[in-house]
Amino acid sequence: MPLTQPDPTQPQPTMWPEDPDAWPRMADALAEDAQRLNPRVVFLGDSITQGWGSEGRAEWNARFAPLGAANMGIGGDRTQSILWRIAHGALKGLHPELVVLKIGVNNLWEEVSQCGTDKVADGVAACVTAIHAHCPDARVLVLGILPTQAAPDHPLRAIVRAVNARSAAL
């Protein structure tokens, strides 16, 4: 069956149908904010990361802002979105001590069924490689995909465990 979703290991911007230019604008704005901040810690990820800037703002301000942290999370991002952002300057000129990567949950749907868990885990690994290429002195903390679906025996839970097992060595 041909792959209709982008390859998790290849850079691809996210496009929001309601406003195709919104995601690139947001990605650029986050990169510009990070360059102004010159962060010691960079958080890269999807809506879970982005949520620290809204619902989790009080905790962010108390725990992460004092560390000189930049939140570069965008809802809906997948591994290929992170790769695209890095390739297009998200980390340009930054010298963080730590990059926290929280990505992969949005790759679980069609991409797992079309290309398998290994390819999604390869996408997470490609993100780590790209981060190291742009910030060679930074440590990268790869956070696993959180459990999804309410039922503990839901088949997607096994997929999450498989991707996380592959990504754990990163």
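In short, a report on the structure. If you're wondering where the values come from, they're calculated on a predicted model, not measured in any experiment. In this numbering scheme, every chain counts its residues from 1 along its sequence in written order. Owing to the predicted nature of the model, reporting of local features is limited to residues with pLDDT of at least 70; listing and counting of side-chain atom pairs is limited to 80 or more, with chain, interface and lining totals taken over all residues. Note that the side-chain values use all heavy atoms of the structure and ignore hydrogens as well as water.

**Description of the packing of aromatic side chains**
Okay, so step 1: Pairing of aromatic rings covers Phe, Tyr and the six-membered ring of Trp, with a centre-to-centre limit of 6.5 Å; geometry is then stacked below 30 degrees between planes, edge-to-face above 60, and tilted otherwise. All chains considered together, the criterion is met by five aromatic pairs.
Okay, so step 2: An angle of 70° between the planes, with centres 5.0 Å apart, marks the rings of Phe 43 and Trp 60 as edge-to-face. Taken together, the residues Phe 43 in strand S1 (residues 41-45) and Trp 60 in helix H3 (residues 57-64) connect sequence positions 17 residues apart. Side by side, Phe 43 and Trp 60 carry an identical accessibility label, which is buried.
Okay, so step 3: The rings of Phe 43, Trp 52, Trp 60 and Phe 64 are connected pair by pair, giving a single aromatic cluster. Per the convention used, a helix needs a DSSP run of H or I reaching at least four residues, while a strand needs a run of E reaching at least two, with both numbered from the N terminus. Only protein chains enter the accessibility calculation, which uses a 1.4 Å probe; a residue is then buried when its area is under 20% of its type maximum, exposed when over 50%, and partly exposed in between.

**What about the pattern of salt bridges?**
Okay, so step 1: Salt bridges are defined as contacts in which a side-chain nitrogen from Lys or Arg sits within 4 Å of a carboxyl oxygen from Asp or Glu. Using the criterion set out here, one finds eight salt bridges in the structure.
Okay, so step 2: For Glu 59, the salt bridge identified is with Arg 63, shortest N-O distance 2.4 Å. Of the two residues, Glu 59 and Arg 63 are both situated in helix H3; the distance of four residues between them amounts to about one turn of the helix.
Okay, so step 3: Classification of Glu 59 by relative accessible area gives partly exposed; the value is 37%.
Okay, so step 4: Classification of Arg 63 by relative accessible area gives exposed; the value is 54%.
Okay, so step 5: Salt bridges here are not isolated pairs; linked through shared partners, they connect Asp 118, Asp 122 and Arg 166.

**What about the nonpolar core?**
Okay, so step 1: By size, the foremost hydrophobic cluster in this structure holds 29 residues, and its most contacted members are Leu 44, Met 72, Leu 91, Leu 101 and Ile 131.
Okay, so step 2: For this core, the secondary structure elements donating two or more residues are helix H1 (22-37), S1, strand S2 (69-73), helix H4 (79-87), strand S3 (98-102) and helix H6 (117-134).
Okay, so step 3: If one sorts the elements of this core by residue count, H6 sits on top with six residues. As used here, the term nonpolar core means buried Ala, Val, Leu, Ile, Met, Phe, Trp, Tyr and Cys residues forming a set that is joined through side-chain atoms within 4.5 Å.

**What about empty space enclosed by the protein?**
Okay, so step 1: Lining residues are those with an atom within 4 Å of a point, where the points come from a 1 Å grid over the protein atoms alone and group into cavities, where a 1.4 Å probe fits but cannot get out, or pockets, open sets with protein on both sides within 12 Å along at least five of seven lines. Grid points are joined across faces, edges and corners, and a volume is the space filled by probe spheres set on the points. Within the structure shown, the criterion is met by one cavity of 30 Å³ or more.
Okay, so step 2: Considered as a void within the structure, the largest cavity measures approximately 50 Å³ in volume.
Okay, so step 3: Taken together, Ala 27, Asp 28, Ala 31, Trp 84, Arg 85, His 88, Gly 89 and Ala 90 form the lining of the largest cavity.
Okay, so step 4: Listing elements by their share of the lining of the largest cavity, those giving two or more residues are H1 and H4.
Okay, so step 5: Ranked by the residues each element gives to the lining of the largest cavity, the list is headed by H1, at three residues.
Okay, so step 6: Each residue gets one of three labels, nonpolar for Ala, Val, Leu, Ile, Met, Phe, Trp, Tyr, Cys and Pro, charged for Asp, Glu, Lys and Arg, and polar for the others, Gly among them. When the residues that make up the lining of the largest cavity are grouped by side-chain class, the tally is four nonpolar, two polar and two charged.

**So, the packing of H6 against helix H7 (residues 155-167)**
Okay, so step 1: The convention used is that axes are lines fitted to C-alpha atoms, helices contributing only their stretch in contact, and that angles between N-to-C directions extend from 0 to 180 degrees. H7 packs onto H6 with a crossing angle of 45° between their chain directions and a minimal axis gap of 9 Å. The orientation of H6 with respect to H7, classified from their angle, is oblique. Note that H6 runs across H7; the crossing there is right-handed. In this structure, H6 contributes Thr 117, Asp 118, Val 120, Ala 121, Asp 122 and Val 124 to the contact, and H7 contributes Ile 159, Ala 162, Val 163, Arg 166 and Ser 167.
Okay, so step 2: Tallied by class, residues from the contact of H6 with H7 come to six nonpolar, two polar and three charged. Angles are sorted into four bins: roughly parallel if under 35 degrees, roughly antiparallel if over 145, roughly perpendicular if 65 to 115, and oblique for all others. For a crossing to be left-handed, the near helix must be turned anticlockwise from the far one by less than a right angle; the clockwise case is right-handed. We call two residues contacting when some pair of their heavy atoms lies within 4.5 Å.

**Quick notes on the environment of Pro 155**
Okay, so step 1: Looking at the element boundaries, Pro 155 is found in helix H7.
Okay, so step 2: In this structure Pro 155 comes out as exposed when scored by relative accessible area, which is 60%.
Okay, so step 3: Spatially, the C-alpha atoms of Pro 155 and Glu 18 are 31 Å apart, while their sequence positions differ by 137 residues.

**Some details on the sheet that holds S3**
Each strand in a sheet pairs with its neighbour through backbone hydrogen bonds, running either in the same direction (parallel) or in the opposite one (antiparallel).
Okay, so step 1: As summarised here, the arrangement of the four strands in space is S2-S1-S3-S4, forming an open sheet in which the pairing is parallel. Strands with a single pairing partner mark the edges of an open sheet, and in this sheet they are S2 and strand S4 (139-143). Going from strand to strand, the sheet's axes swing by 15° on average, the running direction of each strand aside.
Okay, so step 2: Pairing analysis gives five bridges linking S1 to S3, with the strands arranged parallel. By the bridge assignment for S3, Phe 43 is matched with Val 100. Two strands form a pair only when DSSP identifies at least two bridges running between them.

Worth remembering: the numbers are spatial, not functional.
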